[in-house]
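Coordinate inspection notes
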Amino acid sequence: MPTWTALTTLPEKIMAEALGAALEEMTPEPTGVGVFEMEDGSGLWEVGAYFTEAPDEIALMLLAAAHGARPFAISELPETDWVAHVRRELHPVNAGRFFVYGAHDADKVPDGRIGLLIEAAMAFGTGHHGTTQGCLEAMDKLLNAGNSFKNVADIGCGTAVLAIAAAKVLEGDVIASDIDPVAVDVALANAAANGVAGGIACVEAAGFDHVDLAARAPYDLVFANILKGPLIELAPDMAAHSAADGHVILSGLLIDQAPDVTAAYVAAGFELKDHREIGDWATLTLCRKHA
């Protein structure tokens, strides 16, 4: 079945969300609408819609004009088995003691390594992105330095690869959360596939806004692999939910966004311990100082 996409950008979140809501009322109705902050540091918001029949180009032109957006770029996508394509292109990832792989590479897990099985068919990241790799390497470095963690949270967990990694190497409690209920279901399925279903609690929440997350605090290790804006907004809550001398590992950041995030966390009472870069992406490890 052919698929069409329609994409545009807007300078503000509220404008983008308003256009996204208007797209959902179109005829023919899109099969999906997304509103995302772009990760290129531009500050723009991308609005996209997917259609299984050719969209009304005039209606899209009028919607864009009415909402102050650029004209939609409309494309028909080729019919592709994307899961098979991703499997062919996705190679295992080495991240310290961790080895992220899909089921098609199950025979490639090296001896002595901790395998993290994340299927290409799963949404919300496969663990092959530089941000996820950076977080795994940052945890590996903390463990190699003799740190131990008993209470771990993975905020904005996606596939929960970070929570799964923590559950496999630590003796303690791990909780994973995501704002999207589908991501929570994916996290639970991945935890089961990796044999740690009993070691990870998964909840739907924005940030720390869940009774289970509050009840388990303070945390001695928190992952947040999300975006610059939400990370900065989370800084006070991160401090409130972190133990003294607790560590946080942050990513989802372009390299030039890292200084702003670091400044927000230093202001909230953290000290930068490590900054690593993979490709265009930065990962920060910070420690909460004693009050």
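Residues numbered from 1 in each chain as written. Predicted model: local features only at pLDDT ≥ 70, side-chain atom pairs only at ≥ 80, totals over all residues. Heavy atoms only, no water.

For the rest of this paragraph, the subject is the sheet that holds strand S12 (residues 242-254). Read from one edge of the open sheet, seven strands run S10-S9-S8-S11-S12-S14-S13, paired in mixed fashion. Lying at the two open borders of the sheet, with one neighbouring strand each, are strand S10 (200-204) and strand S13 (270-278). Neighbour-to-neighbour, the strand axes of the sheet open up by a mean angle of 15°, direction not taken into account. Strand direction decides the pairing type here: strand S8 (residues 151-155) and strand S9 (residues 173-178), joined by five bridges, are parallel. Pairing of Asp154 across the sheet is with Ala176, part of S9. Along the sheet face, helix H5 (residues 161-169) touches S8, S9, S10 and strand S11 (219-225) and points at about 175° away from the line of S9. (Pairing = 2+ DSSP bridges. Helix = DSSP H or I, 4+ residues; strand = E, 2+ residues; numbered from the N terminus. Axes fitted to C-alpha atoms, helices over the stretch in contact; angles between N-to-C directions. Contact = heavy atoms within 4.5 Å.)

Another aspect to go through is the side chain of Arg276. The topology assignment puts Arg276 in strand S13. Taking the relative accessible area as the measure of exposure, Arg276 reaches 18% and is therefore buried. Within the structure, the side chain of Arg276 is placed 3.0 Å from the side chain of Asp274, a separation counted as a polar contact. (Buried < 20%, exposed > 50% of the residue type's maximum accessible area, 1.4 Å probe, protein only. Polar contact = N/O pair within 3.5 Å; in protein donor to acceptor, adjacent residues only side chain to side chain.)

Our focus in this paragraph is the environment of Gly146. Note that Gly146 resides in the loop between helix H4 (130-144) and S8. Spatially, the C-alpha atom of Gly146 lies 19 Å from that of Val174, the residues being 28 residues apart in sequence.

This part is about the sheet that holds strand S2 (residues 32-37). Read from one edge to the other, the open sheet built from four strands follows the order S2-S3-S1-S4, with strand pairing classed as antiparallel. Because the sheet does not close on itself, it has two edges, and the strands there are S2 and strand S4 (73-77). Sheet twist, expressed as the average angle between the axes of neighbouring strands with direction ignored, equals 20°. The pairing of S2 with strand S3 (residues 45-51) spans six bridges and is antiparallel. Each residue of the ladder has a partner; that of Gly34, found in S3, is Gly48.

Attention now goes to a nonpolar patch on the surface. Nonpolar side chains collect at one region of the surface, where Ile58, Met61 and Leu62 lie side by side and expose about 330 Å² of accessible area between them. The exposure class of Leu62 is exposed, given its relative accessible area of 53%. (Patch = residues over 30% accessible without salt bridge, like charges linked within 9 Å, V, L, I, M, F, W, Y side chains within 5 Å. Areas by Shrake-Rupley, 256 points an atom, 1.4 Å probe, with all protein chains shown as cover. Salt bridge = Lys/Arg side-chain N within 4 Å of Asp/Glu carboxyl O.)

Residue position: Val100 is located in strand S6 (residues 98-101). Residue classification places Val100 among the buried positions, given a relative accessible area of 0%. With 14 residues separating them along the chain, Val100 and Ile114 place their C-alpha atoms 8.5 Å apart.

Moving on to the pattern of salt bridges. This model, assessed by the stated rule, comprises seven salt bridges. Salt-bridge contacts for Lys13 lead to Glu17; the nearest nitrogen and oxygen are separated by 4.0 Å. Placement of both Lys13 and Glu17 in helix H1 (residues 13-23) is noted, with a separation of four residues, approximately one turn of the helix. Lys273 is the salt-bridge partner of Glu271, the closest N and O atoms lying 3.8 Å from each other. Given a relative accessible area of 37%, Glu271 falls into the partly exposed group. Look at the salt bridges and you will find they share partners, linking Glu137, Lys141, Asp274 and Arg276 into a network.

Let us now look at the nonpolar core. With 35 residues, the main nonpolar core has Met139, Ile200 and Phe223 as its most contacted residues. Residue assignment for this core shows that the elements contributing at least two residues are strand S5 (93-95), S6, H4, H5, S9, helix H6 (181-193), S10 and S11. Take this core: its biggest share by element is seven residues, from H5. Contact partners of Phe223, with chain neighbours within four places excluded, come to Cys135, Met139, Val152, Ala153, Asp154, Ile155, Leu162, Ala166 and Ile249. (Core = buried A, V, L, I, M, F, W, Y, C linked by side-chain atoms within 4.5 Å.)

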